[in-house]
Amino acid sequence: MVVVEDTALVETPDGFPVCLGCLGSLDCSSVPCPGCGWKVCSIECSKVEVHREECKIFSDKKVVPSIHYVHYFLPHGLYLVVQVLRVLLVTREVEKFGVVENLMDHWEERRKDKGVEEMVKYVGAFCRDKLGLGWAKAEDVQHAYGVLKTNAVGHVNPGGSRQCYLYPDVSLMSHSCAANMEIVGTPGRKLTFKTTRHIMKGEELTWSYFDFLAPRSFIQSKLRDIWKFDCKCQRCLDPSECGLYYSSQKCDCGGYYTVIITTKVGCNQCGNKRNMEDVEREEANFAEEISTADDEKVQKLLTKFDANKQIHSTHFLKVKLYMKLLQIDQAPPTSLATSSGSILLEVLDTLAGEGSGLYRRYQDMYRQVQDYKKLQ
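On a predicted model such as this, the values are computed, not experimentally measured, just so you know.

Scoring rules and cut-offs
Residues numbered from 1 in each chain as written. Predicted model: local features only at pLDDT ≥ 70, side-chain atom pairs only at ≥ 80, totals over all residues. Heavy atoms only, no water. Pairing = 2+ DSSP bridges. Helix = DSSP H or I, 4+ residues; strand = E, 2+ residues; numbered from the N terminus. Axes fitted to C-alpha atoms, helices over the stretch in contact; angles between N-to-C directions. Contact = heavy atoms within 4.5 Å. Buried < 20%, exposed > 50% of the residue type's maximum accessible area, 1.4 Å probe, protein only. Polar contact = N/O pair within 3.5 Å; in protein donor to acceptor, adjacent residues only side chain to side chain. Phe/Tyr/Trp six-rings, centres within 6.5 Å; stacked < 30°, edge-to-face > 60°. Lys NZ or Arg CZ within 6 Å of the ring centre and 35° of its normal. Core = buried A, V, L, I, M, F, W, Y, C linked by side-chain atoms within 4.5 Å.

Caption draft 1: The sheet that holds strand β13 (residues 273–275), seen in detail. The antiparallel open sheet is built from 3 strands, whose spatial order is β11-β12-β13. Both outer strands of the open sheet, β11 (257–261) and β13, are each paired with one neighbouring strand and no more. Averaged over all neighbouring strand pairs, the angle between strand axes comes to 35 degrees, with direction disregarded. Both strand β12 (residues 264–267) and β13 contribute to a ladder of 3 bridges, which runs antiparallel. Its bridge partner lying in β13, Val265 is registered against Arg274. This element, helix α9 (residues 276–292), spans β11, β12 and β13 of the sheet and lies at about 65 degrees to β13.

What follows is the structure, encoded as structure tokens:
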């Protein structure tokens, strides 16, 4: 069920060269905008409303990037300027100023990275000195940058262009590592969310800012680094991660390594401790094996992991294996695929909801395995 629809307040490049009209990819056939000279997909793209005001600014000040088409995939400072400029221009509109002004920017946290602080200072100086925007104060530029980094929804389209959208309502929605909504399609001028599980009256609507299939410590690290908050969702507050122990290895005593003690992780039953760095290194090596495994190797890895009692049936490494097993082009061994598929669906139901696109995709694969088994 569709429950949230929002329209972008700002549509902008994400620091990389793109068409300033549609935000699509640039290539050797891209043409210069007749007004300002910046590259666009077509003359039609140069006429869109989102480019109109900046086009006049760039034209008046003769600011245009000189980039060879083979470098379109590299970040470029002037496209960061465009990103911030579009937010600044939106705040000049009275009805939109309050919306942007009230969004969080976490600037005090972000400025602790001296590289970020100097970069934003440069963007502000460029806007004032090169573009003639004397009204763009340092704090305005800082807020514009912080608002985008904190609230905007990024997207990389199939052509490789990096896009960024700032939605007024979505900016106020909370993250959860086991959310009850997901995006329909891809971000664009319009963004739609649908429910992925039953939502109780009064329950908060949430979505996942990051890949919920990553282990919990990795998700939390990314949330702190990019969005500047510590997650307090149901999954993060529960040491068992909703009963899955998804990010925790199993101890020989039957307990799970869920107790974090500085640089060590302890078993929740016997208290045995392991060095956290060793655990993470081991899991990273296993993950690399899984990601590079061909169809035959996947089946062997599953047998290998079954013998490793610490990597239990709902551990994230096993889940990665289950997903690859069901993706095998040829008919997979039914005994392995049948047992793996049912566990995988249990995990996806818990973390994503049975209404999620991911759950339904693997449910279809699982049904195909079951149908194949009936034909044998």
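Caption draft 2: Quick look at the side chain of Asn180. Residue placement: Asn180 occurs in the loop between β7 (174–175) and β8 (181–184). Classification of Asn180 as buried rests on a relative accessible area of 3%. Reaching out from Asn180, the side chain makes a polar contact with the backbone nitrogen of Thr206 at a distance of 2.9 Å. Not counting residues up to four positions away in its chain, the partners in contact with Asn180 are Lys194, Thr195, Thr196, Arg197, Ile199, Glu203, Glu204, Leu205 and Thr206.

Caption draft 3: Spotlight on the packing of aromatic side chains. Throughout the structure, instances matching the rule amount to 13 aromatic pairs. Look at Trp38 and Tyr79: their rings are 5.2 Å apart centre to centre, the planes differ by 70 degrees, and that puts the pair in the edge-to-face class. Taken together, the positions of Trp38 in the loop between β3 (31–32) and β4 (39–40) and Tyr79 in helix α2 (residues 77–90) put the pair 41 residues apart, joining distant regions of the chain. Taken as a pair, Trp38 and Tyr79 share a single burial class, namely buried. Here a set of aromatic residues connected by ring pairs shows up, and it is made of Phe193, Trp207, Tyr209, Trp227 and Phe229. The ring centre of Phe16 lies 4.5 Å from the NZ or CZ of Arg162, which sits over that ring. Between the NZ or CZ atom of Arg274 and the centre of the ring of Tyr257, over which it lies, the distance is 5.7 Å.

Caption draft 4: Expanded view of the nonpolar core. In this structure, Trp38, Phe58 and Leu131 are the most contacted members of the largest nonpolar core, which totals 46 residues. Among the elements of the structure, α1 (49–61), α2, α5 (114–129), α6 (138–151) and β6 (162–166) are those that each provide at least two residues to this core. When residues in this core are grouped by element, the largest group, 11 residues, is from α2. Look past the residues within four positions of Leu131 in its chain and what remains in contact with it is Ile57, Phe58, Lys61, Val63, Val81, Leu85 and Phe126. Counting 33 residues, the second-largest nonpolar core is a separate cluster that includes Phe212, Leu213, Leu345 and Tyr362.

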